[in-house]
Amino acid sequence: ETGVTQTPRHLVMGMTNKKSLKCEQHLGHNAMYWYKQSAKKPLELMFVYNFKEQTENNSVPSRFSPECPNSSHLFLHLHTLQPEDSALYLCASRPPGSDGELFFGEGSRLTVL
Amino acid sequence: GNSVTQMEGPVTLSEEAFLTINCTYTATGYPSLFWYVQYPGEGLQLLLKATKADDKGSNKGFEATYRKETTSFHLEKGSVQVSDSAVYFCALSRYAGAQKLVFGQGTRLTINP
């Protein structure tokens, strides 16, 4: 139990659906991240937010839209996804002054049909 | 750019065997290095870290030494247990406190009783 909670844990959606992934932490961390984990590939950083401001967008397609309303909550809005977007989406948070340690949620397993 | 390369998995060992998982990196400057572990059905969690050359990180019987001359951070454990079965990720941050962590592709380890 890392204190980072992701919902839903599993999601199946069609290519025309709109859905959202949610992440929350009440650890007092100021930075939050979305990573994509696909089989046999390195974890791909998608977005970073620091104090609610987006500081990193790793050339992610616009069909993924992040939202960070406050330092405790992070969303990933999904729209018109492709089957190759099926993956485990991991949220992480980072405490202030951290030397790089991230706290990860258990992930949301997304399947796009 | 910065990158991390891990040995290809999967790795299968018997209980009490000696473990080495190789990790090499490419980075400018003085990165910080990390090993993360992902147990089945869970998110990643920090296993150990080292922030400067010749530092040794250790935790739960695992060790890794930051070798600048060989740009390596190999993970070792003298006697593995079934409970060590997991996926192990090597990672770096460009400098201590950098917000961006670059991960390797992960090495799946299975320990048989």
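Treat the numbers as computed from the prediction; the structure is a model and nothing was measured.

**Student:** What exactly am I supposed to notice about the environment of Gln6 of chain A here?
**Tutor:** Residues and elements named next belong to chain A. Structurally, the position occupied by Gln6 is in strand β1 (residues 4-7). Residue Gln6 is classed as buried on the basis of its relative accessible area, which comes to 4%. Along the chain, Gln6 and Glu67 lie 61 residues apart, while their C-alpha atoms are 14 Å from each other. Those residues in contact with Gln6 that sit more than four places away from it in its chain are Lys22, Cys23, Trp34, Tyr89, Leu90, Cys91, Gly105, Glu106, Gly107 and Ser108. Here Tyr89 takes part through its backbone oxygen, which lies 2.9 Å from a polar atom of the side chain of Gln6. A polar contact of 3.0 Å, which involves the side chain of Gln6, links it to the backbone nitrogen of Gly107.

**Student:** Teacher, can you tell me more about the sheet that holds strand β3 (residues 18-25) of chain A here?
**Tutor:** Hydrogen bonding along the main chain pairs the strands of a sheet, whether they run parallel or antiparallel. Residues and elements named next belong to chain A. Strand order in the open sheet formed by four strands is β1-β3-β8-β7, with antiparallel pairing between adjacent strands. The sheet terminates laterally at β1 and β7 (64-70), the two strands that pair on one side only. Direction aside, neighbouring strands of the sheet carry axes that sit 15° apart on average. Here four bridges tie β1 to β3, and the two strands are oriented antiparallel to one another. Directly across from Gln6, in β3, lies its bridge partner Cys23.

**Student:** Please explain the sheet that holds strand β7 (residues 56-59) of chain B as it appears in this structure.
**Tutor:** Residue and element names in this part refer to chain B. As summarised here, the arrangement of the four strands in space is β3-β9-β8-β7, forming an open sheet in which the pairing is antiparallel. Each edge of the open sheet carries a strand with a single partner, namely β3 (19-21) and β7. Between one strand axis and the next, the sheet turns through 20° on average, direction left out of account. As judged from the four bridges shared by β7 and strand β8 (residues 62-65), these two strands associate in the antiparallel manner. Bridged to Ser58 within β8 is Glu63.

**Student:** What am I meant to see in unusual backbone geometry here?
**Tutor:** Leaving glycine out, the prevailing phi sign among residues is negative, and the prevailing peptide bond configuration is trans. In the segment running from Thr7 of chain A into Pro8 of chain A, the intervening peptide bond is cis, with an omega of -10°. Here the bond from Gly9 of chain B into Pro10 of chain B is cis, since omega is -5°, no more than 30 degrees from zero. For Pro10 of chain B, the location among the structural elements is in the loop between β1 (3-6) and β2 (11-14). Unlike most non-glycine residues, Phe51 of chain A shows phi in positive territory, near 50°. Within the fold, Phe51 of chain A resides in the loop between β5 (44-50) and β6 (53-57). Among the residues examined, Phe51 of chain A registers a relative accessible area of 55% and is labelled exposed. Phi is positive for Thr71 of chain B, which is not a glycine, with a value near 45°.

**Student:** Mind showing me how you'd approach the interface of chain A and chain B here?
**Tutor:** Interfaces are often sized by the accessible area lost when the parts come together. Facing 25 residues of chain A, the contacting portion of chain B comprises 22 residues. Taking both sides of the interface into account, the surface hidden between chain A and chain B amounts to around 1,700 Å²; carbon and sulfur atoms contribute 50%. Of all residues in chain A, the largest losses of buried area upon contact with chain B belong to Leu43, Asp99 and Phe104 of chain A, amounting jointly to 28% of the total for that side. The tally of links from chain A across to chain B stands at one salt bridge. Across the pair Lys100 of chain B and Glu56 of chain A runs a salt bridge whose closest N-O atoms are separated by 3.3 Å.

**Student:** Could you clarify how one ought to interpret the packing of aromatic side chains in this entry?
**Tutor:** Within a pair of aromatic rings, the relevant descriptors are the distance that separates the centres and the angle that separates the planes. Scanning the model with the defined rule gives 11 aromatic pairs over all chains in all. Pairing Tyr35 of chain A with Phe104 of chain A gives two aromatic rings, centres 5.8 Å apart and planes at 45°, and the pair type is tilted. Highlighted residues: Tyr35 of chain A in strand β4 (residues 31-37) and Phe104 of chain A in strand β10 (residues 103-104), separated in sequence by 69 residues. Accessibility classification places Tyr35 of chain A together with Phe104 of chain A in one group, the buried group. Arranged with centres 5.8 Å apart and planes meeting at 35°, the rings of Phe64 of chain A and Tyr89 of chain A form a pair that is tilted. On the criterion of sequence distance, the pair formed by Phe64 of chain A in strand β7 and Tyr89 of chain A in strand β9 (residues 87-94) is long-range, its members being 25 residues apart. Each of the two residues, Phe64 of chain A as well as Tyr89 of chain A, counts as buried. Taken together, the aromatic side chains of Tyr33, Tyr35 and Phe104 of chain A together with Phe34, Tyr36, Phe89 and Phe103 of chain B make up a single cluster linked through ring pairs.

Definitions and limits used
Residues numbered from 1 in each chain as written. Chains lettered and ligands numbered in written order. Predicted model: local features only at pLDDT ≥ 70, side-chain atom pairs only at ≥ 80, totals over all residues. Heavy atoms only, no water. Helix = DSSP H or I, 4+ residues; strand = E, 2+ residues; numbered from the N terminus. Buried < 20%, exposed > 50% of the residue type's maximum accessible area, 1.4 Å probe, protein only. Contact = heavy atoms within 4.5 Å. Polar contact = N/O pair within 3.5 Å; in protein donor to acceptor, adjacent residues only side chain to side chain. Pairing = 2+ DSSP bridges. Axes fitted to C-alpha atoms, helices over the stretch in contact; angles between N-to-C directions. Buried area = accessible area lost by both parts, 1.4 Å probe. Salt bridge = Lys/Arg side-chain N within 4 Å of Asp/Glu carboxyl O. Phe/Tyr/Trp six-rings, centres within 6.5 Å; stacked < 30°, edge-to-face > 60°.

The values are spatial; any link to function lies outside them.
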